[in-house]
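Chain by chain, the residues:
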Amino acid sequence: MSINLKGRSLLTLKDFSPQEIDYLLELAMDLKAKKRMGIRGDLLCGKNVALIFEKPSTRTRCAFTVGCVDEGGHPEYLGKNDIQLGHKESVMDTARVLGRLFDGIQFRGFSQDTVEKLAQYSGVPVWNGLTDDYHPTQILADLMTIKEQFGTLKGLTFVYAGDGRNNMANSLMIGCSKMGIHYTLFAPKELWPKENLMKSCKEYAELSGSTITLSEDLACVKGADIIYSDVWCSMGEEDKAAERVKLLKPYQVNATLMAKTEKDNTIFLHCLPAVKGNEVTEEVFEKHARIIFDQAENRMHTIKAVMVATAGK
Ligand code: CP
Ligand code: NVA
């Protein structure tokens, strides 16, 4: 099947078919191999991309910047104090201006509605670099890393431990259910995902032949190929720190949890940044550091693939 993603936005993985996701992963692997061989690309030559950041970022910002420059494009960083987005100028007007000047727009910020409006009014591909609800480019890097480790995605067992309704958990549930990975959430009921998202993901899982399980019982990690965690307090939720630590302490990824998988080749992944001592112990983190930093590197290859596929020559 020939796949053409030119002009498409990436606002959430809900909008992409498993075949399209797989295409992006394969393209990212090709681009990674090309970079390893020292071959310079020109797939974004003459293209300008705007990088809007309302929230801070290390990996996403650097991945978009390096990925764009590697392929001959020009990235323009627009921090929260650099532009008037949503304050002195409406999102709709900023979108229409940027759409006249740029070939693609990355947005990281609070509201999913903002990234959707940017896509609606700019007329160019818009890429969601994280909102309160979703973090789709991260999931592409996670899937690529899993594929590198296991050679396949379908039929693997994935457990996410921690805040089960944040942007990462939401997006991982979408990504896993689309790609045929069994998804288990190990989280307290208070932090389980919204019903409507569950409903969509159950439909994806049915199509891909995977399952979705929500559990408060540590025994649910048995048989996991991948254990994943993220911070207990996402950006913008700093006031919830004390209550989250109390609520999520039993869901920490530590040696006891890893042993409960009853497997010796289970990998641990983390989107980073990590708060060691909270969602993961230093011991587990360091044991799996090589793959965690492959995962961080893969942010760049997958983001490059997204830009090339949707806005490239
Ligand atoms: N994982 C991730 O999105 O990292 P940054 O917040 O550093 O971009
Ligand atoms: N859930 C985290 C992800 C960081 C990449 C946050 O939103 O802060």
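Above this text sits the structure in question.
Treat the numbers as computed from the prediction; the structure is a model and nothing was measured.

Definitions and limits used
- All chains use their own residue numbering, which begins from 1 and follows the written sequence.
- Ligands are numbered from 1 and chains lettered from A, in the order in which they are written.
- Side-chain atom pairs in this predicted model are given and counted only at pLDDT of 80 or more, local residue features only at pLDDT of at least 70, and totals for whole chains, interfaces and linings cover all residues.
- Based on all heavy atoms of the structure, the side-chain values leave hydrogens and waters out of the count.
- Labels follow the DSSP assignment, with helices taken as runs of H or I lasting at least four residues and strands as runs of E lasting at least two, numbered in each case from the N terminus.
- In this treatment the radius of gyration is a C-alpha quantity, and the globule benchmark scales as 2.2 Å times the residue count to the 0.38 power.
- For every residue, the accessible area (1.4 Å probe, protein chains only) is compared with the maximum for its type, and the residue is labelled buried under 20%, exposed over 50%, or partly exposed between those bounds.
- By definition in these notes, contact holds between two residues if any of their heavy atoms fall within 4.5 Å.
- Residues grouped as a nonpolar core are buried Ala, Val, Leu, Ile, Met, Phe, Trp, Tyr and Cys residues, joined through side-chain atoms within 4.5 Å.
- Whether two strands pair depends on DSSP finding at least two bridges between them.
- Geometry is summarised by axes, namely lines fitted to C-alpha atoms with helices restricted to the contacting stretch, and by angles between N-to-C directions that run from 0 to 180 degrees.
- The aromatic pairing rule takes the rings of Phe, Tyr and Trp, using the six-membered ring of Trp, and pairs them if the centres are within 6.5 Å, calling planes under 30 degrees apart stacked, those over 60 edge-to-face and the rest tilted.
- If even one non-hydrogen atom of a residue comes within 4 Å of a molecule or strand, that residue is called near it.
- Distance and chemistry together define a polar contact, namely a pair of N or O atoms within 3.5 Å, with one atom able to donate a hydrogen and the other to accept it when in protein, and with adjacent residues in sequence counting only for side-chain atoms on both sides.
- Note on areas: Shrake-Rupley, 1.4 Å probe, and residue coverage restricted to the protein chains presented here.
- The residue classification treats Ala, Val, Leu, Ile, Met, Phe, Trp, Tyr, Cys and Pro as nonpolar and Asp, Glu, Lys and Arg as charged. All others, Gly included, are polar.
- Helices are assigned an expected span. That span is 1.5 Å times one less than the residue count.

Engineer: Would you explain the overall build of the chain in this entry?
Structural biologist: Across its full length, the chain holds 11 helices and 9 strands. Taking 313 residues into account, the globule formula puts the C-alpha radius of gyration at 20 Å, and the chain, at 19 Å, falls close to it. Here the C-alpha coordinates of the chain stretch approximately 55 × 45 × 35 Å along the principal axes. Counting every position in the chain, which comprises 313 residues, the buried fraction comes to 56%. Residue pairs in contact within the chain that sit at least 24 positions apart in sequence constitute 76% of those at least 6 positions apart.

Engineer: I would appreciate a short explanation of the nonpolar core in the present structure.
Structural biologist: As a rule of thumb, soluble globular proteins bury nonpolar side chains together. Formed by 60 residues in total, the largest nonpolar core has its most connected members in Phe 158, Tyr 160 and Tyr 183. Among the elements that take part in this core, helix 11 (residues 289-311) stands out by supplying 9 residues, more than any other. Look past the residues within four positions of Phe 158 in its chain and what remains in contact with it is Ile 146, Leu 172, Cys 176, Ile 181, His 182, Tyr 183, Thr 184, Ile 226 and Tyr 228. Phe 186, Leu 191, Val 280 and Ala 296 belong to the second largest nonpolar core, which has 21 residues in total.

Engineer: I'm lost on the sheet that holds strand 9 (residues 267-270) in this one. Help?
Structural biologist: Neighbouring strands of a sheet are bound in pairs by backbone hydrogen bonds; such pairs are parallel or else antiparallel. Read from one edge to the other, the open sheet built from 5 strands follows the order 7-6-5-8-9, with strand pairing classed as parallel. Two strands close off the open sheet at either side, each with one partner strand: strand 7 (212-215) and strand 9. Recorded for the sheet is a direction-independent mean angle of 20° between the axes of neighbouring strands. Here 4 bridges tie strand 8 (residues 226-229) to strand 9, and the two strands are oriented parallel to one another. Along strand 9, the bridge assignment pairs Ser 229 with His 270. Packed on one face of the sheet, helix 5 (residues 136-150) meets strand 5 (157-161), strand 8 and strand 9 and runs near 160° to strand 9.

Engineer: I'm lost on the packing of aromatic side chains in this one. Help?
Structural biologist: Here a ring pair, both rings aromatic, is described through the centre-centre distance and the interplanar angle of the planes. One pass over the full model with this rule turns up 7 aromatic pairs. Aromatic side chains Phe 158 and Tyr 228 sit 5.7 Å apart centroid to centroid with 35° between the ring planes, which places their arrangement in the tilted category. One end of the pair, Phe 158, is in strand 5; the other, Tyr 228, is in strand 8, and 70 residues separate them in sequence. Taking 6.1 Å as the distance between ring centres and 25° as the angle between the ring planes, the aromatic pair formed by Tyr 160 and Tyr 228 counts as stacked.

Engineer: Where do I start with the environment of Gln 19 in this structure?
Structural biologist: Its place among the elements puts Gln 19 in helix 1 (residues 18-36). Exposure remark for Gln 19: the relative accessible area of 40% places this residue in the partly exposed category. For the pair formed by Gln 19 and Ile 3, sequence separation is 16 residues and the distance between their alpha carbons is 8.2 Å.

Engineer: Can you walk me through the site of ligand 2 in this structure?
Structural biologist: Around ligand 2, the neighbouring residues are Leu 130, His 135, Asn 166, Asn 167, Asp 230, Val 231, Ser 234, Met 235 and Leu 272. Measuring from an oxygen atom of ligand 2, one finds a backbone N or O atom of Met 235 at 2.8 Å. Taking 270 Å² as the accessible area of ligand 2 by itself, protein coverage stands at 95%. When the residues that make up the shell around ligand 2 are grouped by side-chain class, the tally is 4 nonpolar, 4 polar and 1 charged.

Engineer: Which parts of the structure should I look at to understand the side chain of His 301?
Structural biologist: Note on placement: His 301 falls in helix 11. Taking relative accessible area as the criterion, His 301 reaches 1% and is therefore assigned buried. When near neighbours in sequence (up to four residues on either side) are disregarded, His 301 contacts Ala 28, Leu 31, Lys 32, Arg 36 and Met 144.

Engineer: Would you mind going over helix 2 (residues 59-70) with me for this structure?
Structural biologist: Note: α-helices contain 3.6 residues per turn, so residues at a spacing of three or four share the same orientation. Over its 12 residues, helix 2 runs 16 Å from end to end, which matches the ideal 16 Å to within 8%, given 1.5 Å per residue. Buried residues along helix 2 sit in contact with helix 1, strand 1 (48-53), strand 2 (74-79), strand 3 (104-108), strand 4 (126-128) and helix 11.

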